[in-house]
Amino acid sequence: MSVTIAVARRELASFFRLPLGWIAIALFVFLTGIIFSIDTLRPGQPATMRVFFAFAGWLMLPIVPAVGMRLFAEEFRSGTIEPLLTSPASDLAVVMGKFLGGLAFLLLLASPSLIHAVLLRALSDPAPDVGPMLAGYLSLTLMASLYLAIALLCSSLTNNQTLAFLSTFFALLGLLMGPPLIEQYIPAGDSWQWAREGSRALAVNRRAVDFAKGVIDTSHVVFFVSATVGLIVLTATILSSRRWR
């Protein structure tokens, strides 16, 4: 645990020492501000952040690849991964440290959006319910965790940050666009019901919409947590294979 915490602290601090971290924060604040001002602040609109949470998966599409691309790729390129690989620390502890450091940065990055929630509560009559907002922020955390786990896996496969960014970007794009597109081309009939259910199960945006409505479905939580854990374990396995090369 001490190794995991130490790695997480180092990763979190590194984001604020680089222009990339501040650019990512500025970009996310800019994008969320646009959605809030265009949709939520329109006269006659309901006092809700449902649109923001429903589009959170798309908002993080350019952010997470930029954050995750350097987690391992830069370490491999510069050779700074060697002290970690030759230390007695387990590969899973190293991967978890990288993951927690990146996730902490993503949560800090999204924290300015709390200002929008405070403004809605202060200016709206009647004030919006807190429940859907809490559910929305839970979905934001779960989705950021899954996205970051994908970025971590892609970064562990290469020492080129550009390649890590592009592979993560297209993997996330496929995750967002793939299931709805595939479902459109699945033939009708009961014999293809399994395929339709499979594509719906992978539709992360549909799950995010449910959270945005204030619906906390345990199946959604299990999906995000299990997929994230599986990707972290896979990344640790890849890192272990590098240790023995």
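Figured I'd write up the structure that's included with this text.

What follows is about the overall build of the protein chain. If you tally the helices and strands in the protein chain, you get 14 helices and 0 strands. For the protein chain, the residues scored as buried account for 46% of the 245 residues in total. Considering only intrachain contacts with a sequence separation of at least 6, the fraction spanning at least 24 residues in the protein chain is 79%.

We now examine the packing of helix 1 (residues 2–17) against helix 8 (residues 91–110). Where helix 1 meets helix 8, the closest approach of the two axes is 7 Å, and the angle between their N-to-C directions is 40°. When the interaxial angle is binned, helix 1 and helix 8 end up oblique. Of the two elements, helix 1 crosses helix 8, and the hand of that crossing is right-handed. Of helix 8, the residues touching helix 1 (which contributes Val3, Thr4, Val7, Ala8, Arg10, Glu11, Leu12, Phe15 and Phe16) are Ala93, Val94, Met96, Gly97, Lys98, Leu100, Gly101, Gly102, Ala104, Phe105 and Leu108. Residue classes in the contact of helix 1 with helix 8 are distributed as 13 nonpolar, 4 polar and 3 charged.

Considering all chains together, one arrives at 4 salt bridges under this definition. Glu11 is the partner of Arg70 in a salt bridge, and the nearest nitrogen-oxygen pair spans 3.6 Å. Of the two residues, Arg70 sits in the loop between helix 5 (63–68) and helix 6 (73–78) while Glu11 sits in helix 1, which places them 59 residues apart along the sequence. Grouping residues by exposure puts Arg70 and Glu11 together as buried. Here Lys98 makes a salt bridge to Glu11, at a shortest N to O gap of 2.7 Å. Here the residue Lys98 occupies a position in helix 8, and Glu11 occupies one in helix 1, the gap between them amounting to 87 residues. On the basis of relative accessible area, Lys98 is assigned to the buried category, the value being 0%. If you follow the salt bridges from partner to partner, you end up with Arg10, Glu11, Arg70 and Lys98 in one network.

Note that Ser155 resides in helix 10 (residues 130–155). Not counting chain neighbours up to four residues away, the residues in contact with Ser155 comprise Gly68, Met69, Arg70, Leu71, Phe72, Ala73, Phe76 and Ala164.

This part takes up helix 10. Helix length check: helix 10, at 26 residues, gives a terminal C-alpha distance of 37 Å against a target of 38 Å (1.5 Å per residue), a fit within 8%. In terms of residue burial, helix 10 counts as a mostly covered element, since 20 of its 26 residues are buried.

The description of an aromatic ring pair rests on the distance of the ring centres and on the angle between the ring planes. Evaluated as defined, the whole model comprises 8 aromatic pairs. Here the aromatic rings of Phe16 and Trp22 are separated by 5.3 Å at their centres, their planes lie at 70°, and the arrangement is edge-to-face. When the centroid spacing of 6.3 Å and the interplanar angle of 15° are considered together, the rings of Phe165 and Phe169 count as stacked. Placement of the pair is Phe165 and Phe169 together in helix 11 (residues 161–184), with a separation of 4 residues, close to one helical turn. You can call Phe165 partly exposed: its relative accessible area is 24%.

Each packed pair of helices is defined by two parameters, the angle between the axes and the distance between the axes. As a packed pair, helix 10 and helix 13 (residues 204–212) sit with axes 7 Å apart at the nearest point and diverge in direction by 155°. Between helix 10 and helix 13, the crossing angle belongs to the class labelled roughly antiparallel. Counting all contacts with helix 10, which are made through Pro132, Ala135, Gly136, Leu138, Ser139, Leu142, Met143, Leu146 and Tyr147, the residues of helix 13 involved are Val204, Ala208, Phe211 and Ala212.

The rules behind these values
- Residues numbered from 1 in each chain as written.
- Predicted model: local features only at pLDDT ≥ 70, side-chain atom pairs only at ≥ 80, totals over all residues.
- Heavy atoms only, no water.
- Helix = DSSP H or I, 4+ residues; strand = E, 2+ residues; numbered from the N terminus.
- Buried < 20%, exposed > 50% of the residue type's maximum accessible area, 1.4 Å probe, protein only.
- Contact = heavy atoms within 4.5 Å.
- Axes fitted to C-alpha atoms, helices over the stretch in contact; angles between N-to-C directions.
- Parallel < 35°, antiparallel > 145°, perpendicular 65-115°, else oblique.
- Left-handed = near helix turned anticlockwise from the far one by under 90°.
- Nonpolar A, V, L, I, M, F, W, Y, C, P; charged D, E, K, R; others polar.
- Salt bridge = Lys/Arg side-chain N within 4 Å of Asp/Glu carboxyl O.
- Expected span 1.5 Å × (residues − 1).
- Phe/Tyr/Trp six-rings, centres within 6.5 Å; stacked < 30°, edge-to-face > 60°.

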